[in-house]
Structure formats: C-alpha cells, structure tokens
Amino acid sequence: MKKNSFLSAKVMLVAALLSLNTVIYAQKSIDPPAISEKILSGILEKNRAYYTQGKVADYIPELGKMDAKAIAFSLVDKNGKVFNTGDVHKKFTMQSISKIIALMLAVNERGEADVFDKIGYFGSDKPFNHFSNLETTGKPLNPMMNAGAILTTSLIAGDGEKPFLKILDMVRYITKNKTIDYNKSVYESEKSTGNRNRGMFYLMKNNGLISGNEDQLDNYFKQCSIELTAEDLAKIGYFFANQCVRFDGDATHKNKEIAKLIESQMLTAGMYEFSGEYSRNVGLPSKSGVGGGITVSVPGKMGIGVFSPALDQHGNSLAGYHMILDLVKQYDLSVF
Ligand code: GLN
C-alpha cells in the first residue's frame, strides 16, 4: 500500500514536471528568438543540400550555366531592416517574379476591371507554360502563368521597349537599387528559343486580346532577364506586404488595393500548380521564377527573398522552398 502511494506520488511529480515543460515549450514557441542573420544562416545550412535533389533550369544554355550550389536567404523586417546570409552578392534572373511588377503597372494604368476582362483569376493544375484554356475560352487563366503574363505586359502603354523600361524602373524603385539591369545574353536566348511563348502571343493576338507587334513579346523576354539578388527580392516582398510602401518608408506608390490584388494572385498562382499545397504548408503570398528565386510577402509585416537555382518538378526552387517553410514554422508566419 505504502509502496503504491509512493509510486503514485512519483507519477504525479513526473506528470507535473512534464506539464511545466510543456508550458515552457509553449512559451518558447510563442516567443521565438528575434530574427537575426544567425537564425537565417542556421536555416540555410539545414537546407543547403536540397540542391542535390533539384535540377537547374536548362531550357536555355545561359540558365544551365548557373552554379547549382549557390544559395542565399534574405529578409526585410517590419521596420525595413535587412538581414542577409549566404551568397548575398550572387545575381540571378528574376524570370516569372517579374510578372507581379508587370501586373501592378498594367492595373495602375488601366484599372483592374479592364485587365481582368481579358485574364482570369483562376488557379491552375497545369505548368506555367501551359496553353491552358487559350483555345477554349480564349482567355489566359491568370496573370502568373506565361500566357497571362505575356498579355499583361502587352497591356502596359508605350511603343517598343517603353513598357519594359517601366518594369525595370519599378524594380529599381522598389529595391532602391539603380544598378539593376537585364542580362542581354539571357534575353537573347529567351528570344531565340521562346517559340512556345511566341505561340501563346500569336494565339492571343488571333483572339483579339493582343493588338501590338512582337516588340511586346520582347518586353516579356527582357523582364524575365532582369538580374537581381535575394535581398532585392526580399524588398519586393516587403513592398507588396506593406501596401506598396518601400522598405525605407517611401510611400510614393502606396496603394492598399493593388497590394491586395497582387498578394491574392501570388497566393492563388504564384507557385504555379504547386500553389495549393504551398498555401497549405507555407500560407503566404509568394512568387517564384525559374532562375531559382522566390519572393515572399508576410502581409503587414516583412518580405523574404530566397535563391537556390536547383528546381523541383514545378519549376520552384527546392532549397528556397524549404528555407521559407522552416522560417514560417519557427515564427508562425502563415496567414492562416
Ligand atoms: N522565361 C521563363 C518562360 O517564359 C519564365 C518562366 C518562369 O520563371 N516560370 O518560360
């Protein structure tokens, strides 16, 4: 009897200690350590090896030359403070991430109703370069897949390369980085091999959605070839997370509605056909590009930029995705 009550006291003590531990642990997970470069580099190192499981885009030789081992992780916090780790100076082409800038400009100029009269708000279970329903309803599914993005860029006013220059200027403004330019040889390769995109362009021209000449398609190839760093991507993420206010507080382009529209498109289709699963796991508006970058907006808070050129089967950076996932879990950043 005595032995039994001693045992049950012991069990109770262990249970009490365990629940105390749970309380401490819970407090820890509510209040994780302040974000620092050390935290980011810990996450980077944990995920560095993912590049071995992915594949660098090689649809043009220029991209195939990318160093598969390069990796960078950047963050701009609520106050505009920048954190960088990894190959912070490494430049890569923004590719499809340029689609959110083009969408912003087209909607700024023509209004959302006019732009979305020609493009849907749909997600997709098809890859980014799929013709989707161009041959049925005639309209691209969304502005994040190639067809919709080619159309979006054609809707920005101006002859020749003027629309592209507006996109480049906006990227330079958002990142406060005037040195950003496009990579001419990537552009030349995109142009000479981009017959699938050319096919979409002419189909949309046939459908009466595009009225200009091939200069408009060139502008799309040029915007895909804009080179930047993970830090620049984090600043783009910050911009859309904070109602189009720049990381240094400049509010020249402040526009809550545009930011909400862009973020909703990023969430719906920014990671292509992986967007639904990504929303479940990460839960943040994000846009990827086949250059290996991903820009992420944490609404009302921060921007995240990652880079690692080895891609998964959907065309999203594999190590980049896992770095984002770890940060989001550690800091409970999902909007859901
Ligand atoms: N330049 C690429 C293309 O047009 C961009 C696609 C992407 O980044 N997913 O196919």
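In case you missed it, the structure is sitting above this.
Residues numbered from 1 in each chain as written. Predicted model: local features only at pLDDT ≥ 70, side-chain atom pairs only at ≥ 80, totals over all residues. Heavy atoms only, no water.

A.B. asks: Any chance you could explain helix 14 (residues 318-331) here in plain terms?
C.D. replies: Because each turn of an α-helix spans 3.6 residues, side chains separated by three or four positions in sequence point in the same direction. Between its first and last C-alpha, helix 14 extends 20 Å over 14 residues, near the 20 Å set by a 1.5 Å rise per residue. For helix 14, a buried count of twelve out of 14 residues is recorded, marking the element as mostly surrounded by other parts of the structure. Taken residue by residue, helix 14 has Leu318, Ala319, Gly320, Tyr321, His322, Met323, Ile324, Leu325, Asp326, Leu327, Val328 and Tyr331 as its buried positions. Those residues of helix 14 that are buried are in contact with helix 2 (37-47), strand 2 (72-76), helix 13 (275-281), strand 7 (293-297), strand 8 (303-307) and strand 9 (310-311). Taking the backbone nitrogen of Gly320 as reference, a side-chain oxygen 3.1 Å away marks Ser317 as the first, capping residue of helix 14. Once helix 14 ends, the next one or two residues include Asp332, with phi positive near 50°. (Helix = DSSP H or I, 4+ residues; strand = E, 2+ residues; numbered from the N terminus. Expected span 1.5 Å × (residues − 1). Buried < 20%, exposed > 50% of the residue type's maximum accessible area, 1.4 Å probe, protein only. Contact = heavy atoms within 4.5 Å. Polar contact = N/O pair within 3.5 Å; in protein donor to acceptor, adjacent residues only side chain to side chain.)

A.B. asks: Is there a simple way to explain the sheet that holds strand 6 (residues 286-288) in this structure?
C.D. replies: Read across the sheet, five strands follow the order 3-2-8-7-6 without closing on themselves; strand pairing throughout is antiparallel. Across the chains shown, the open sheet's two edge strands, defined by having one partner strand only, are strand 3 (82-86) and strand 6. Averaged over all adjacent pairs, the angle separating strand axes in this sheet is 10°, with direction ignored. Across the sheet, helix 2 is in contact with strand 2 and strand 3; its angle to strand 3 comes to roughly 35°. (Pairing = 2+ DSSP bridges. Axes fitted to C-alpha atoms, helices over the stretch in contact; angles between N-to-C directions.)

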